Amino acid sequence: DPQIPAEIFCADAGNPSSWTGELKESITTLETGAKEEPNHSTWLLALDTMYHFRPTRLPLLSYAQKSLQANLMAFDLVMSDDIPWHQKLLLRVLCWLTNTPFANLISRSEYVDMLVLAGYDRAQIEIRDVTKFCFRGLADFIEKQVEEGVPYGLKMGKFRVARKMFAWWARGDIVRGLIVVARGKKEE
């Protein structure tokens, strides 16, 4: 519907209790609309962001589900099961360098448990592992950009590090890229 307004706000998305001003007013309007319209559907779309939220994704997920009755669509990262200690240590260093809380890289089963704790229905959670479709392509794209910058004297060092990280993730079972769809419990 072209009549649906879109607004952009600058705030700490991972901490709903910190939201003030126009953002809070807009969200309050959304909450009211969700409760008044029986066929209303609200969705939280989080693309490649939530693993950065400090200290965890849980406050946003809980607020979205419990206050807004919002379903969730996300691309997110989880840690694979059974990672050797030396690779986990390297991953911790990379998280520090990329300003990603290491504690956010939880296992897939812990991720589902977190969604349930936030109020989503375990039976209504769908997760697709898309690791093989994203990290290799991203590493190749960055490598191409770095190579194209060489004739112009561009070093692009941090991009080289990112390329190596994504190539590492593409080769093994360290970090998994997931598409997540979660719906709240149906009201009886």
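These numbers come from a predicted model, not from an experiment.

A. Focus on the packing of aromatic side chains. Tallied over the full model, the rule gives four aromatic pairs. Both rings, one in Trp 19 and one in Tyr 63, keep their centres 5.4 Å apart while their planes meet at 80°; by these two values the pair is edge-to-face. Here the residue Trp 19 occupies a position in the segment before helix 1 (21–36), and Tyr 63 occupies one in helix 2 (residues 58–66), the gap between them amounting to 44 residues. Judged on exposure class, the residue Trp 19 and its partner Tyr 63 are both buried. Centre to centre, the rings of Phe 166 and Trp 169 are 5.7 Å apart; their planes meet at 85°, and the pair counts as edge-to-face. With a gap of three residues between them, Phe 166 and Trp 169 both fall in helix 6 (residues 157–171), about one helical turn apart. Feature note: the residues Phe 135, Phe 166 and Trp 169 constitute an aromatic cluster, connected by ring pairs.

B. Spotlight on the layout of surface pockets. A volume near 910 Å³ is recorded for the largest pocket. The residue inventory of the lining of the largest pocket, partitioned by class, reads 22 nonpolar, five polar and one charged.

C. Focus on helix 3 (residues 85–97). With 13 residues, helix 3 should cover 18 Å at 1.5 Å per step; its first-to-last C-alpha distance of 19 Å lies within 8% of that length. On its buried side, helix 3 packs onto strand 2 (71–79), helix 6 and strand 4 (175–184). Looking one or two residues past helix 3, Asn 99 carries a phi angle of roughly 60°, positive in sign.

D. Layout of the packing of helix 3 against helix 6. Where helix 3 meets helix 6, the axes come as close as 12 Å, and the angle between the chain directions of the two elements is 145°. Read as a crossing pair, helix 3 and helix 6 show a hand that is left-handed. For the pair helix 3 and helix 6, contact is made by Gln 87, Leu 90, Leu 91 and Leu 94 and by Met 165, Trp 168 and Trp 169, respectively. Taken together, the residues of the contact of helix 3 with helix 6 break down into six nonpolar, one polar and no charged.

E. Looking closely at the sheet that holds strand 3 (residues 120–129). Read from one edge of the open sheet, four strands run 1-2-4-3, paired in mixed fashion. Looking along the sheet, the strands with just one partner apiece sit at the ends: strand 1 (43–47) and strand 3. For this sheet the average axis-to-axis angle between neighbouring strands, irrespective of direction, equals 30°. Pairing geometry for strand 2 and strand 4, over eight bridges, is antiparallel. Bridge pairing in strand 4 places Met 79 opposite Val 175. Its contacts with the sheet place helix 5 (residues 131–149) against strand 2, strand 3 and strand 4, and it is angled at close to 135° to strand 4.

F. View of the environment of Asp 113. Looking at the secondary structure, you find Asp 113 in helix 4 (residues 108–118). With a relative accessible area of 42%, Asp 113 lands in the partly exposed category. Polar contacts involving the side chain of Asp 113 include one to the side chain of Arg 122, which spans 3.1 Å.

Conventions and cut-offs
- Residues numbered from 1 in each chain as written.
- Predicted model: local features only at pLDDT ≥ 70, side-chain atom pairs only at ≥ 80, totals over all residues.
- Heavy atoms only, no water.
- Phe/Tyr/Trp six-rings, centres within 6.5 Å; stacked < 30°, edge-to-face > 60°.
- Helix = DSSP H or I, 4+ residues; strand = E, 2+ residues; numbered from the N terminus.
- Buried < 20%, exposed > 50% of the residue type's maximum accessible area, 1.4 Å probe, protein only.
- 1 Å grid on protein atoms, 1.4 Å probe; cavity = no way out; pocket = protein on both sides within 12 Å on 5 of 7 lines; lining within 4 Å.
- Points joined across faces, edges and corners; volume = space filled by probe spheres on them.
- Nonpolar A, V, L, I, M, F, W, Y, C, P; charged D, E, K, R; others polar.
- Expected span 1.5 Å × (residues − 1).
- Contact = heavy atoms within 4.5 Å.
- Axes fitted to C-alpha atoms, helices over the stretch in contact; angles between N-to-C directions.
- Left-handed = near helix turned anticlockwise from the far one by under 90°.
- Pairing = 2+ DSSP bridges.
- Polar contact = N/O pair within 3.5 Å; in protein donor to acceptor, adjacent residues only side chain to side chain.

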